[in-house]
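Observations on the three-dimensional arrangement
As a plain string of letters, each chain reads:
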Amino acid sequence: MKTVIIGVIGADVHAVGNKIIDYVLSQNGYNVVNIGVLSTQEDFINAAIETSAQAILISSLYGHGEMDCRYMREKCDEAGLENIKLYVGGNIVVGKQDFTEVEKRFKDMGFDRVYPPGVKIEDALAHLKEDIGI
Amino acid sequence: MKTVIIGVIGADVHAVGNKIIDYVLSQNGYNVVNIGVLSTQEDFINAAIETSAQAILISSLYGHGEMDCRYMREKCDEAGLENIKLYVGGNIVVGKQDFTEVEKRFKDMGFDRVYPPGVKIEDALAHLKEDIGI
Amino acid sequence: MVKNVKIPLEEFLEIRKEVLLQWPTGSHPMLDLEESVKRLKSVPAHKNFALKLRDAKAKGITLIQPRAGVARINEHIELLQYLEKEGRADFLPSTIDSYTRHNRYQNAEDGINESEAKGRSLLNGFPAVNHGVDGCTKVFESVNSPLQARHGTPDARLLSEIIHASMWTSNEGGGISYNIPYAKNISLEDTIIYWQYVDRLVGYYQEQGIELNREPYGPLTGTLVPPSISNTVAIIESLLAAEQGVKNITVGYGQGGNLVQDVAALRALEEQTNSYLKLFGYEDVFVTTVFHQWMGGFPENASEAMGLIAYASTVAALGKATKMITKTSHESFGVPTKEANAEGLRTSKMVVNLLRDQKMAESEELEREITQIKKEVDNLIHAVVRVGKGDIASGIVAAFKNGLIDVPFAPSELNAGKILPARDIEGKIRILEFGNLAFDEEVRAFHLQKLQERAVQQNREISIQMTIDDIYAVSDGYLVGKSKQ
Amino acid sequence: MVKNVKIPLEEFLEIRKEVLLQWPTGSHPMLDLEESVKRLKSVPAHKNFALKLRDAKAKGITLIQPRAGVARINEHIELLQYLEKEGRADFLPSTIDSYTRHNRYQNAEDGINESEAKGRSLLNGFPAVNHGVDGCTKVFESVNSPLQARHGTPDARLLSEIIHASMWTSNEGGGISYNIPYAKNISLEDTIIYWQYVDRLVGYYQEQGIELNREPYGPLTGTLVPPSISNTVAIIESLLAAEQGVKNITVGYGQGGNLVQDVAALRALEEQTNSYLKLFGYEDVFVTTVFHQWMGGFPENASEAMGLIAYASTVAALGKATKMITKTSHESFGVPTKEANAEGLRTSKMVVNLLRDQKMAESEELEREITQIKKEVDNLIHAVVRVGKGDIASGIVAAFKNGLIDVPFAPSELNAGKILPARDIEGKIRILEFGNLAFDEEVRAFHLQKLQERAVQQNREISIQMTIDDIYAVSDGYLVGKSKQ
Ligand code: B12
Ligand code: B12
C-alpha cells in the first residue's frame, strides 16, 4: 500500500475538501496520512519522513498558496526526500488568473502536478496511479 | 399648440411604448396625432401633411427599422415636408450594436434625432422643445 | 360565421391546395401528406416535442427553451447547436421573422438576400416559409432536441404545413393570441379559421398516430396582463384546438411579477384547462404548462437582467411549469447574440435544477389567489359561451367586439382597449378600469379594494399614472411603481 | 474558567493596555478612548451601521453587502468606491486577510510590501492592523456607506480597537463562530474571553451613547450546517455580547438551499434570539438578521453562479432578512475582481428590490419547519445551560468538548466532528450521524425518517456517500446529490 501525505498549508483552514480527499484516497486503496489544516511545510516533510510516503498532496484554498509553497521542493531535497512527488491543488493563487501561467510558476518551484480550481480529487486519481501506483 | 405625428413603422406591432408616448406628449402640451402600429412611411407623411405637423416621431422596436426607414427623408422632401423634424427611437436595429455607428447610419439617412434603447420619451422632451417649441 | 366545429377532411384538403399555392416553396413534393406522415413517424422519441413533454411532466421537472432565429440557414443551425450544447436547452425554437409573420414572403426574401450580402442577419427571425421543407428539414437534422416554430403569425397555415413536414413537432400560436397582440386590424373570425386549419393539420397527423404538440401563446402583450384574461384566452384556444383533434397542448402564462400570484396563475391555468376540456367533452387531451420569463420591458443592466431571469426561473420551478421560455441579458437592446442567449439558459437551468425537488408550499394566500383567478376565468368564459349562444368560436369573436374580453395594450383595433391594469401593494396585477370586461360586481369590488390599499399606502390616487409607473417599474428595478412627486 | 459576566471597566482598561502593545500601530494617539468617542459621535447617521439597519428593519427591506478586501490602501478604497457606485452596495465591508486573522502581523507586513512591489494584491484581504487608525480612517472617509470588518479572527481585540477608532461602526465575529470554523486548536475559553473583550469595547461605546452593530458569524463552515446548530451558536453569541453591553445585534444564517427551510431558519433565528435575550434578562437589544448567499462550493460556470446568487436573493427577500451578504461569479476560482463583485451585487439588488413588497406566505410546511428548528435549538441551548450549570459561557465550552454541540466539517480539534449531515428528498438539511449531539429521541427519529424517505426514493443506503454527494451537488448544479451507479 502506497502512503500519501495530505493537508492544507499555511494559515488556511478550509477543511471540507481535505476531509473528502482523505475519504476518497482511502477508499481507493491509499494509506492516507492527513495532517489537516493550518500545516507548515515542516509538518508535511516530517510526516513524509516518518511514514516513508511516496507523495505529498498539498491543498491551498485561501489564496496565499504562492507564498506558502515557496522553497518546498528545496526543503524536501534538504530532508532527503529527493524523489517524493509534490502535488498542489485547490485555489492556489489569489483571484481568477490564467492557469497556464500559474501552473508554470508552481512547476518552476518544483511541483510535479498542479491543479486548477474545480478539479476534484477523483479527477486526480489517474495521475496518482501513474506516478506512484496504488 | 405644436403638432407631432407618432406611430410605429413597418410590420412592427409593439404598442406599449406608443401608447405611453401618446399619453406623455399630450400631457406635456403637444397635439399628438397617433397613427398607431403597423404604419407605412406614407401613413406618417399623409398624417403630417393633413395636420401640418412640426415633427414626426417614428418608433421602431422589432429590429427591421433600418430597412423600414430607408428613403423616409427623401419621401418627405418629395411631399413638400422639407422642414419637418424626423425623430426615430426604440430598438431601431437588430441586436446590440455600437450606438455611435447606428446613430450615424440613421443621421446619414436624414434623421434629426436618433435614440438608443432605454431612452424614455420623457428624456426626449427637452429636444422636442428645443427643436419645435411647445 | 365561425363555429367551433371540426373541419371535415375533404374540406380541409380543399383549402390545403390553396394554402400551398401561397408561395413557391408550398409545392415541394415532401408536402404530400403521406410523405410527411412517413417522415414524422421516423422522428425518435427524444426529438418529439409532445413525448418529451410527457416525460418531463411525469418527472415533475421544468425544462427550458430559448427564443432564437436568424435569417440564414447555416447561421441559424450554428445558433441552435450552440444553444443546445452551451446553453443546455431542452427544447429548441425557431423564432420566425416579422415579415413572414405578416405573410410578406417577398420582403423576407429580400431580407435573406441582404443578410447574405452584408454577412449579418437583417431579419429578426428565421424565415421558414422561404427556406421551405428542405431548409427546415436540414435544421431538424442538425440538432438533437425537439423543434418548435415560435412566431406571432395571424395566418400561419403555410408556415405550419412546412414546419411539420420538416419534422418540427410543435407549433406555437392561436387564432386569438396571434392576432390581438400581433396585428392591427385582421378579422378575428379569419384568424380563428386559419388556426382551426393549423390545428386540423395536427389533428390529421394525430389520426395517423403521430402526436404533435400545440402551444397557445400565453403572455399576449406581455405587459400587466391580469392572469384571468390570459388564462381565459389560453383555455378557449385549447378548446378550439381540441375540437380539431389536437391531443397534446401546452398552455402558457407570462410572468406577472408577484410570486404567489404567478404560481396561482399556473396552477389555475392547468386545472381549469383540464376541467373545461372535460366539460366540453374533450376527454383524452394531455395538458402541460409553459411559463414565460418576464415579457415586459427589461432592465438595461445585464446583471439586473440576469437577476430577473433567475427570479423568473424560481417562480417556474416552484409553480411546477413543465416548460419555461427564457430571456437574455440583451433583452432590452435587441436580438441577443448566441453567447448571451446561452448564458440566460445556463442561469435558468441552474435555478430550475436546484429547485427541482421543491414546490411552493400550500398556503391560504395561494389558495385565495387560485380561487380568485378561477372565479374571474369562470366569469369570462361564461360571457363567451353566453354571447356565442353555446359556441365558443363565435362567442369569443363577439366577446372581443363587446369588450367583454379585453387585453391591455393590444395593438389590435378589434380589441376594446378599455381596461387599465395596475399592481396592488404586493405587486399582484389588478384592474383599475374595467371597461366592459365581464367581471361581476364582487370581482370588481375586490380589484378596486386591492388598488385602494395601494393608493393609501403610497399616498396617491388610483389613476392611469399607476399603470404607467408600473410599466416602467421592472426595467427600473422595482415591481410596484412609485409615484414621482 | 470563563463566565458570562460583564468585564468590569477597570479590568477592561488594564487588558486594553496590553492589547494595544501587540503591534506598533496600537500606540496611535487616536486610540485614546476619549478621542475615539469624539470621532465616533461625529459619524453621520447614514454612515452608522447600527442606525442604517434600524432604518431598513423599519421599512422591512433587505439591504446588501459584498465581501471585499485587498492589501494596499488605495486599491482597497478604489474597490470599495466601485462597489458602492457600480454595485450599489448598501453596506461596505473590509474583508481582513488571513495572516491578520491569525495575528501574524509580520507576515501581513511582508504581504503588503510584496504586493506593493508586484503591483497586485498577494494578500486575500485588507490588513487593517498593519494599516492602523490612519489607514482605516482614510478608508472610512473615502466612502459614503457604513463600514464593517469581516474576518474570522480568533483574537480580534487589537483589530477591533483599530477599526472602531477609525469610525467603522460594525464588526463581524464571535468567540465560537470565529474559532471553530477558522482555527485548529485555539482554546474556546480563550476565544470567548477575547470576544468578550471585543463586545465590552462596543458596550463601552454604547455607554457613551454610541450605538455600534455586532454580527455573530452565522454560516460557520458553510457546508451542510443544519440550521439549528448555526442558530444555536448565533443565539449564544448574542447572549454573550448582550452581557457585555451590546445593544444592536445582527444574527446570521447561511443559505442551506431549500427555500422553506431557509425562510424558516431566518424566522426561527430572529424569534428565538429575541426570546432568549429576554429570557436571560437582556431587554433592550435590537435584533436584525443577515442572510449569506450560498457559502459552500460554487459552480464554475459564471451564469450558473449568477443563478445561484439570484436564487439566494429570492430567499433572503422572502425571508425578510434585513441584510444579505453577496457572492460573485468568480467564487469558485478566487478573490473576485471588482467588476465581478459589482455584478453580483447588481443581480442581488435587482432581486431584493423586485421582492421588497412580498414575503413568504404562511403555510403549514413553513410553520412545521419553524417549530422543528426551534425545538432543536431548545434542545441544544438546554444542554449548554445544563452543562454550564446555568452559565452559558462555560456551558458552551463544555458542550463542544462533549460533542453536545458539533459543527460539521469544522477544522477545529475542539469540535467533536462526529455528526454527518445530508439532505432529505426536498433538499432540507438533516442529520444522519448524530454523534453526541444534544437532540432528544423524537428529534433524532424525525431526521432519520426524513433521510429514510430519500433513501427509498433514490434507491440507496443512508451513508456518508449521501453527504459527499450533497457536498458536490450544488457546484454540479443540483441540490440533492444523486448516487452514482
Ligand atoms: C413587450 C414586447 C413584445 C410584445 C409586444 C406587445 C405589443 N403588441 O405591444 C410581444 C410579445 C407581442 C412582442 C413581439 C415581438 N417582439 Co418584442 N419586445 C417586447 C419588449 C420585452 C418590451 C417592449 C415594451 O413594451 N417596452 C416598454 C415600453 C414602455 O418601452 P418602449 O417600447 O421601448 O418605448 C419607450 C422608448 O423606447 C421610447 N421610444 C420608443 N419609440 C420612440 C421614438 C422616439 C422618437 C423617441 C424619442 C422615443 C421612443 O419611448 C417609449 C416610452 O418611454 C421588448 C424588449 C425590452 N425593451 O425589454 C421586446 C423587443 C422589442 N421585441 C423584439 C422582437 C424581435 C419581437 C418579435 C419579432 C419576436 C418575438 N420575440 O416574438 C415580435 C415582433 C412582433 C412584431 N411584428 O412586431 C426585440 C427587437 C429586436 C431588435 N430590435 O433587435 C426586442 C428588443 C426583444 C429582444 N431583445 O429580442 N414583443
Ligand atoms: C466553504 C468555504 C469557506 C469556509 C471554510 C470552512 C472550513 N473551515 O472548511 C469559510 C467560510 C470558513 C471560509 C473562509 C475563508 N475563505 Co473560503 N471558501 C469556501 C468555498 C465557498 C468552498 C470551499 C469548499 O469547501 N469546497 C468544497 C470542497 C469539496 O472543494 P475544495 O475545497 O475545492 O477541494 C476539492 C478540490 O479543490 C480538490 N483539491 C483540493 N486540494 C487539492 C490538492 C490536490 C493535490 C488535488 C489533486 C486536488 C485538490 O479536491 C477537493 C475534493 O474534491 C470556496 C469557494 C468555492 N470553491 O466555491 C471559498 C474560498 C476558497 N475561500 C476564500 C477565502 C478568501 C476565504 C477567506 C480568506 C475569506 C473569507 N471569504 O472569509 C477565509 C479564509 C480563512 C482561512 N484562514 O483559511 C477564497 C480563496 C481566494 C483565492 N484563492 O483567491 C475562495 C476561493 C472564495 C473566493 N472566491 O473568494 N471559506
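For the structure, check the block above.
Presented here is a report on the structure given in the accompanying data block. (Residues numbered from 1 in each chain as written. Chains lettered and ligands numbered in written order. Predicted model: local features only at pLDDT ≥ 70, side-chain atom pairs only at ≥ 80, totals over all residues. Heavy atoms only, no water.)

The subject of this paragraph is the overall build of chain C. A count of helices and strands for chain C gives 17 helices and ten strands. Expected size for 485 residues packed as a compact globule is a radius of gyration near 23 Å; at 21 Å, chain C falls within 12% of this value. Taken along its principal axes, the extent of the C-alpha atoms in chain C is 65 × 50 × 40 Å. Here chain C holds 485 residues, and 70% of them are scored as buried. Restricting the contact set of chain C to residue pairs at least 6 apart, pairs at least 24 apart contribute 74%. On chain C, roughly 15300 Å² of surface is accessible, and the fraction owed to carbon and sulfur atoms is 50%. For chain C, the distance from the average site of its 53 positive side-chain charges to the average site of its 63 negative ones is 2 Å. (Helix = DSSP H or I, 4+ residues; strand = E, 2+ residues; numbered from the N terminus. Rg over C-alpha atoms; globule rule 2.2 N^0.38 Å. Buried < 20%, exposed > 50% of the residue type's maximum accessible area, 1.4 Å probe, protein only. Contact = heavy atoms within 4.5 Å. Areas by Shrake-Rupley, 256 points an atom, 1.4 Å probe, with all protein chains shown as cover. Lys, Arg positive; Asp, Glu negative; His and termini not counted. Charge placed at Lys NZ, Arg CZ, Asp CG, Glu CD.)

Looking only at helices and strands, one finds six helices and five strands in chain A. The linear arrangement of helices and strands in chain A, starting from the amino end, is β-α-β-α-β-α-α-β-α-β-α. Taking 134 residues into account, the globule formula puts the C-alpha radius of gyration at 14 Å, and chain A, at 13 Å, falls close to it. Projecting the C-alpha coordinates of chain A onto the three principal axes gives extents of approximately 35 × 30 × 25 Å. When the 134 residues of chain A are sorted by exposure, 54% land in the buried category. For chain A, the share of sequence-separated contacts (at least 6 apart) that also reach a separation of at least 24 residues comes to 76%. Carbon together with sulfur atoms contributes 48% to the accessible area of chain A, which is approximately 5600 Å² in total. Treating the 13 positive side-chain charges of chain A as one cloud and the 20 negative ones as another, the clouds have centres 5 Å apart.

Turning our attention to the packing of aromatic side chains. Enumeration over the complete set of coordinates arrives at 28 aromatic pairs over all chains. Taking 5.7 Å as the distance between ring centres and 50 degrees as the angle between the ring planes, the aromatic pair formed by tryptophan 23 of chain C and tyrosine 105 of chain C counts as tilted. In this pair, tryptophan 23 of chain C sits in the loop between α1 (9-19) and α2 (33-41) while tyrosine 105 of chain C sits in helix α6 (residues 105-118), placing the two residues 82 residues apart along the sequence. The exposure class of tyrosine 105 of chain C is buried, given its relative accessible area of 5%. Taking the centre distance of 5.9 Å and the plane angle of 70 degrees together, the rings of tyrosine 204 of chain D and tyrosine 205 of chain D count as edge-to-face. Tyrosine 205 of chain D matches tyrosine 204 of chain D in its accessibility class, with the two residues each being buried. A connected cluster of aromatic rings, assembled from ring pairs, spans Tyr178, Tyr182, Trp195 and Tyr217 of chain C. When the ring centre of tyrosine 478 of chain C is taken as origin, the NZ or CZ atom of lysine 482 of chain C, which lies over that ring, is 3.4 Å away. (Phe/Tyr/Trp six-rings, centres within 6.5 Å; stacked < 30°, edge-to-face > 60°. Lys NZ or Arg CZ within 6 Å of the ring centre and 35° of its normal.)

Its rotation angle being 180 degrees, the transformation that places chain D on chain C also includes 0.0 Å of axial translation and leaves an RMSD of 0.0 Å. When the rotation and shift are considered jointly, the pair of chain copies conforms to a two-fold rotation axis. For chain D, the minimum C-alpha distance to the rotation axis belongs to serine 363 of chain D and amounts to 2.2 Å. Mapped onto chain C, 100% of the interface residues of chain D are again interface residues, and the two copies thus contact each other with one and the same surface. (Least-squares fit on C-alpha atoms with pLDDT ≥ 70 in both.)

Geometry of a packed helix pair, given as the angle between the helix axes and the separation of the axes. All names here are of chain C. Relative orientation of the contacting elements α1 and helix α9 (residues 188-207) amounts to 120 degrees, with a least axis distance of 11 Å. In terms of crossing hand, the pair formed by α1 and α9 is left-handed. On α9, the residues that touch Leu9, Phe12, Ile15, Arg16 and Val19 of α1 are Tyr197, Arg200, Leu201 and Tyr204. A breakdown of the residues in the contact of α1 with α9 according to their chemical character gives seven nonpolar, no polar and two charged. (Axes fitted to C-alpha atoms, helices over the stretch in contact; angles between N-to-C directions. Left-handed = near helix turned anticlockwise from the far one by under 90°. Nonpolar A, V, L, I, M, F, W, Y, C, P; charged D, E, K, R; others polar.)

This part is about the interface of chain A and chain D. Buried accessible area, meaning the area lost when the parts come together, often serves as the stated size of an interface. With 30 residues of chain A at the contact, the number on the chain D side is 32 residues. Both sides of the chain A and chain D interface together cover about 2700 Å² of buried area, and 59% of this is carbon and sulfur. Its largest share of buried area at the contact with chain D, chain A owes to Tyr23, Met67 and Lys96 of chain A, together 20% of the area lost on that side. Summed over the shared surface of chain A and chain D, the number is three salt bridges. For the pair chain A and chain D, the interface holds twelve residue pairs in polar contact (both at pLDDT 80 or more). Elements that contribute at least two residues to the side of chain A that touches chain D include exactly α1 (16-27), α3 (65-68) and α6 (121-132) of chain A. Ranked by residue count, the leading element in the side of chain A that touches chain D is α1 of chain A, at four residues. Partitioned by chemical class, the residues of the side of chain A that touches chain D number 14 nonpolar, eight polar and eight charged. (Buried area = accessible area lost by both parts, 1.4 Å probe. Salt bridge = Lys/Arg side-chain N within 4 Å of Asp/Glu carboxyl O. Polar contact = N/O pair within 3.5 Å; in protein donor to acceptor, adjacent residues only side chain to side chain.)

Despite not being glycine, tyrosine 71 of chain B has its phi angle at roughly 65 degrees, a positive value. Looking at the secondary structure, you find tyrosine 71 of chain B in the loop between α3 (65-68) and α4 (72-78). A positive phi angle, close to 55 degrees, is found at leucine 220 of chain D, a residue other than glycine. Considering the arrangement of structural elements, one finds leucine 220 of chain D in the loop between β5 (213-215) and α10 (227-243).

This part is about helix α12 (residues 302-318) of chain C. All names here are of chain C. With 17 residues, α12 extends 24 Å between its outermost C-alpha atoms, agreeing within 8% with the 24 Å of an ideal straight helix rising 1.5 Å per residue. Counting buried residues in α12 gives 16 out of 17 residues, a clear majority hidden from the surface. Structurally, the start of α12 carries an N-cap: the backbone nitrogen of serine 303 is 2.9 Å from a side-chain oxygen of asparagine 301. Phi for lysine 320, located one or two positions after α12, is positive at around 60 degrees. (Expected span 1.5 Å × (residues − 1).)

This part covers the interface of chain D and chain C. The interface of chain D with chain C comprises 39 residues on the first partner and 39 residues on the second. In this assembly, chain D and chain C are joined by four salt bridges. With its nearest N and O atoms 4.0 Å apart, the salt bridge here joins arginine 88 of chain D to glutamate 304 of chain C. Where chain D meets chain C, there are eight residue pairs in polar contact (both at pLDDT 80 or more). Sort the elements by how many residues they give to the side of chain D that touches chain C and helix α12 (residues 302-318) of chain D lands first, with nine residues.

Okay, the coordination of the cobalt atom of ligand 2 next. Its sole protein donor being His14 of chain A (NE2), the cobalt atom of ligand 2 sits 2.2 Å from that atom. Structurally, histidine 14 of chain A can be placed in the loop between β1 (3-8) and α1. (Donors = N, O, S within 2.8 Å, 3.2 Å for Na, K, Ca; no water.)

With that settled, consider the site of ligand 1. The immediate surroundings of ligand 1 are formed by 51 residues, with His14, Ala15 and Ser59 of chain B together with Gly334 and Tyr472 of chain C found nearest. Among the chains of the assembly, those with residues near ligand 1 are chains B and C. Interatomic distance of 3.4 Å between a side-chain N/O atom of aspartate 12 of chain B and an oxygen atom of ligand 1. Within the backbone of valine 13 of chain B, one N or O atom sits 2.9 Å away from an oxygen atom of ligand 1. Breaking the shell around ligand 1 down by element, the ones donating at least two residues are α1 (16-27), β3 (55-60), β4 (85-90) and α6 (121-132) of chain B together with α5 (98-101) and α17 (464-473) of chain C. Taken domain by domain, the shell around ligand 1 gets at least three of its residues from each of domain 1 (9-354) and domain 2 (365-476) of chain C. (Near = heavy atom within 4 Å. Domains from an automatic or database assignment.)

Quick look at the sheet that holds β3 of chain B now. Residue and element names in this part refer to chain B. Reading across from one edge, β2-β1-β3-β4-β5 is the order of the five strands in this open sheet, with parallel pairing throughout. Where the open sheet ends on each side, the last strands, each with one partner, are β2 (31-34) and β5 (113-114). As paired strands, β4 and β5 are joined by two bridges and run parallel to one another. Note that in β5 the partner of valine 88 across the bridge is valine 114. This element, α1, spans β1 (3-8), β2 and β3 of the sheet and lies at about 170 degrees to β1. Contacting β1, β3, β4 and β5, α6 crosses the sheet at an angle of about 170 degrees to β4. (Pairing = 2+ DSSP bridges.)

A few words now on the pairing of strand β6 (residues 248-254) of chain D. If a strand is regular, its side chains alternate between the two faces of the sheet. All names here are of chain D. Where burial is concerned, most of β6 is hidden: seven out of the seven residues are buried. Burial of β6 is two-sided: the residues Asn248, Thr250, Gly252 and Gly254 facing one way and the residues Ile249, Val251 and Tyr253 facing the other way are all buried. Note: β6 against strand β7 (residues 286-292), seven bridges, orientation parallel. From the neighbouring strand, asparagine 248 faces β7, where its bridge partner is phenylalanine 286. Where the polypeptide runs from β6 across helix α11 (residues 259-279) and back to β7, its parallel neighbour, the crossover connection is right-handed. (Right-handed = clockwise from strand over helix to strand, strands pointing away.)

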